Amino acid sequence: MKSSIHFSVLGFLWLTYSLLTANGQASGLKVGYYRHTCPQAEYIVKKTVSKALEADPTLAAPLIRMHFHDCFVRGCDGSILIDSTPGNRAEKESPANFPSLRGFEVIDEAKRDIESTCPQVVSCADIIAFAARDSAYKAGKINWQVPAGRRDGRISKEEEIIGNLPPPFFNVQQLTDLFAQKGLSQEDMVTLSGAHSIGVSHCSSFRDRLYNFNNTGLQDPTLDAQLARRLRLTCPPADTPDPTVALEPITPTKLDNRYYSQLHRNRGLLTSDQTLLTNPSTRTMVNTNIKSPSIWRNKFGEAMVRMGSIQVSTGSQGEIRRNCRIVL
């Protein structure tokens with residue numbers, strides 16, 4: 001009896017934490033944070049993102065990914081935006097971010113417009129979060145309320161990418177462990193992996209699957225043979241050049257659940273994609289996301305809120321940058 005009561009209390013506390021985190025409250029963030037101090041902030045970001053994606057729909061993927069890459073290194077603090085300085089190479093210089101991570105100029109434009117209306121009120125970290133949400137809506141009609149109130153960090157180091165961002169060769173257990181370190185569940189990991197329904201990958205991220213999987217000199221047997229033949233036409237065996245291919249070629253600019261059905265055809269481009277079918281738990285999640293696209297869309301928004309709450313600075317912590325590229 002005592003153990004069942006203990007379990008029930010833990011279950012209640014976990015449920016309460018999950019609900020609070022889903023709304024951003026446990027981290028000190030709040031929906032409508034700028035309602036009185038800068039009521040036009042979210043509209044300005046939405047307008048800027050909409051204009052950018054109308055000109056170049058492929059920007060949706062890197063703008064969503066920017067939020068992920070920001071939050072997984074030092075928390076959601078806008079450090080991904082900081083430029084390198086003499087003696088310090090910033091996060092954006094890492095091969096994991098450059099040159100595939102794009103859209104910094106979109107954040108810059110939104111920040112300039114906001115600064116002209118509300119000087120030094122809205123953080124760059126919050127602008128990234130708003131831009132990710134607006135990009136997801138533009139690309140896939142996925143929407144969620146963004147809790148805000150993040151403060152900007154002052155440190156950005158290229159070397160901190162390793163060990164914080166998941167590399168493309170991770171297996172399902174390694175992915176699960178890394179997401180757990182960030183306070184995210186295995187289901188969050190599978191849900192957020194669906195962002196790979198849009199965007200591109202450099203050949204270097206999966207070239208070994210085409211030519212020398214696990215140093216065997218052979219193709220990865222879990223990669224669809226027809227897809228492999230097509231990929232080899234674009235991706236040479238050598239490290240250079242390093243072209244890009246669509247992560248999901250059927251609807252490469254539409255954020256949808258097609259990514260998951262492609263896994264069942266052995267067409268997950270990265271090892272970290274296809275590995276989701278190797279574990280009974282994650283396979284079940286993949287199947288649910290295939291059958292219920294509306295459920296996946298809702299889960300995606302909720303997972304993005306939880307991700308956007310990782311290790312945030314609030315209140316008097318950090319700073320509010322005037323220029324997202326430069327620390328005050």
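Computed from a prediction, not measured in an experiment: that's the story for all the values here.

A. View of the overall build of the protein chain. Regarding its fold elements, the protein chain presents 13 helices and four strands. A compact globule built from 328 residues would reach a C-alpha radius of gyration of about 20 Å, and the protein chain, at 20 Å, matches this within 12%. In terms of overall dimensions, the protein chain has a C-alpha envelope of 60 × 60 × 40 Å along the principal axes. Taking all 328 residues of the protein chain together, the buried fraction comes to 50%. Residue pairs in contact within the protein chain that sit at least 24 positions apart in sequence constitute 75% of those at least 6 positions apart. As displayed, the protein chain offers around 15500 Å² of accessible surface, 56% of which is attributable to carbon and sulfur atoms. Of the side chains in the protein chain, 38 bear a positive and 32 a negative charge, and the two mean positions are spaced by 5 Å.

B. Inspection of unusual backbone geometry at higher detail. Of the consecutive residues Phe98 and Pro99, the connecting peptide bond is found in the cis state with omega at 5°. For the bond from Thr240 to Pro241, the omega torsion is 0°, close enough to zero to count as cis. In this structure, Pro241 sits in the loop between α9 (225-234) and β4 (244-246). A positive phi is found at Lys141, a non-glycine position, where the angle reads about 55°. With respect to the secondary-structure elements, Lys141 resides in the loop between α5 (124-140) and β2 (147-148).

C. The arrangement of helix α6 (residues 172-181) in detail. Within α6, burial applies to Val172, Leu175, Thr176, Leu178 and Phe179. Down the axis of α6, the buried set is contained in an arc of 165°. They therefore lie on one face. Packing partners of the buried residues in α6 comprise α3 (60-71), α7 (186-193), α11 (271-274) and α12 (280-291). Its side-chain oxygen at 3.1 Å from the backbone nitrogen of Gln173, Asn171 defines the N-terminal cap of α6. Positive backbone phi, approximately 85°, marks Gly183, located one or two places after α6.

D. Region of the structure containing the UniProt feature "site: Transition state stabilizer" (unreviewed entry) in the protein chain. Under the UniProt annotation, "site: Transition state stabilizer" (unreviewed entry) lies at Arg65. Along the chain, the position of Arg65 falls in helix α3. For Arg65, the contacting residues outside a window of four places in its chain are Leu101, Ala195, His196, Ile198, Gly199, Val200 and Leu247.

E. Representation of the state of the cysteines within the structure. Under the definition given, this model contains four disulfides. The disulfide partner of Cys38 is Cys118, and the S-S distance across this bridge is 2.1 Å. The sign of the 85° torsion about the S-S bond sets the Cys38-Cys118 disulfide as right-handed. Remark: Cys118 occurs in the loop between α4 (104-117) and α5 and Cys38 occurs in the loop between β1 (30-31) and α2 (41-55); sequence separation between them is 80 residues. This pair shows no difference in class: Cys38 is buried, exactly as Cys118 is.

F. Spotlight on the confidence of the model for the protein chain. For the protein chain, per-residue confidence averages 92 on the pLDDT scale, and 92% of positions sit at 70 or higher. Counted against residues more than four places away or in other chains, residues 1-21, with its pLDDT under 50, gives seven contacts.

G. Representation of the side chain of Asp126 in the model. Along the chain, Asp126 falls in helix α5. Residue class for Asp126 comes out buried when judged on its relative accessible area of 0%. Only 2.9 Å separates the side chain of Asp126 from the backbone nitrogen of Gly149, close enough to count as a polar contact. In contact with Asp126, other than residues within four places in its own chain, are Tyr34, Ala148, Gly149 and Arg150.

H. Focus on the UniProt feature "binding site: Ca(2+) 2" (unreviewed entry) in the protein chain. This chain's UniProt record puts "binding site: Ca(2+) 2" (unreviewed entry) on Thr251 and Asp256. The contact partners of Thr251, leaving out residues within four places of it in the chain, are Ser197, Ile198, Asp256 and Arg258. Note that Asp256 resides in the loop between β4 and α10 (258-263). Residue Asp256 is classed as buried on the basis of its relative accessible area, which comes to 11%. Each residue touching Asp256, except ones within four places of it in the same chain, is listed here: Gly194, Ser197, Thr251 and Trp296.

I. Examining the packing of aromatic side chains more closely. Counted under the stated rule, the structure contains ten aromatic pairs. Arranged with centres 4.9 Å apart and planes meeting at 90°, the rings of Tyr33 and Tyr34 form a pair that is edge-to-face. On the basis of relative accessible area, Tyr34 is assigned to the buried category, the value being 5%. A connected cluster of aromatic rings, assembled from ring pairs, spans Trp144, Tyr259, Tyr260, Trp296 and Phe300. Directly above the ring of Phe104 sits Lys92, whose terminal nitrogen or CZ lies 4.4 Å from the centroid. Above the ring of Tyr137, the side-chain terminus of Lys141 is found at 5.2 Å from the ring centroid.

J. Here's a closer look at the nonpolar core. Met66, Phe72, Leu81, Ile107, Leu255, Phe300 and Met307 are the most contacted members of the largest nonpolar core, which totals 73 residues. Ranked by residues supplied to this core, first place goes to α5 with nine residues. Discounting chain neighbours no more than four positions away, the residues touching Leu255 are Ile64, Ala136, Ala139, Gly140, Ile142, Gly194, Ala195, Ser197, Ile198, Trp296 and Phe300. Ala228, Cys235, Val245 and Leu270 belong to the second-largest nonpolar core, a separate cluster that totals twelve residues.

Criteria and thresholds
- Residues numbered from 1 in each chain as written.
- Predicted model: local features only at pLDDT ≥ 70, side-chain atom pairs only at ≥ 80, totals over all residues.
- Heavy atoms only, no water.
- Helix = DSSP H or I, 4+ residues; strand = E, 2+ residues; numbered from the N terminus.
- Rg over C-alpha atoms; globule rule 2.2 N^0.38 Å.
- Buried < 20%, exposed > 50% of the residue type's maximum accessible area, 1.4 Å probe, protein only.
- Contact = heavy atoms within 4.5 Å.
- Areas by Shrake-Rupley, 256 points an atom, 1.4 Å probe, with all protein chains shown as cover.
- Lys, Arg positive; Asp, Glu negative; His and termini not counted.
- Charge placed at Lys NZ, Arg CZ, Asp CG, Glu CD.
- Arc of directions from axis to C-beta.
- Polar contact = N/O pair within 3.5 Å; in protein donor to acceptor, adjacent residues only side chain to side chain.
- UniProt positions renumbered as here; feature names shortened; annotations may be inferred.
- Disulfide = S-S within 2.5 Å.
- pLDDT = per-residue confidence, 0-100.
- Phe/Tyr/Trp six-rings, centres within 6.5 Å; stacked < 30°, edge-to-face > 60°.
- Lys NZ or Arg CZ within 6 Å of the ring centre and 35° of its normal.
- Core = buried A, V, L, I, M, F, W, Y, C linked by side-chain atoms within 4.5 Å.

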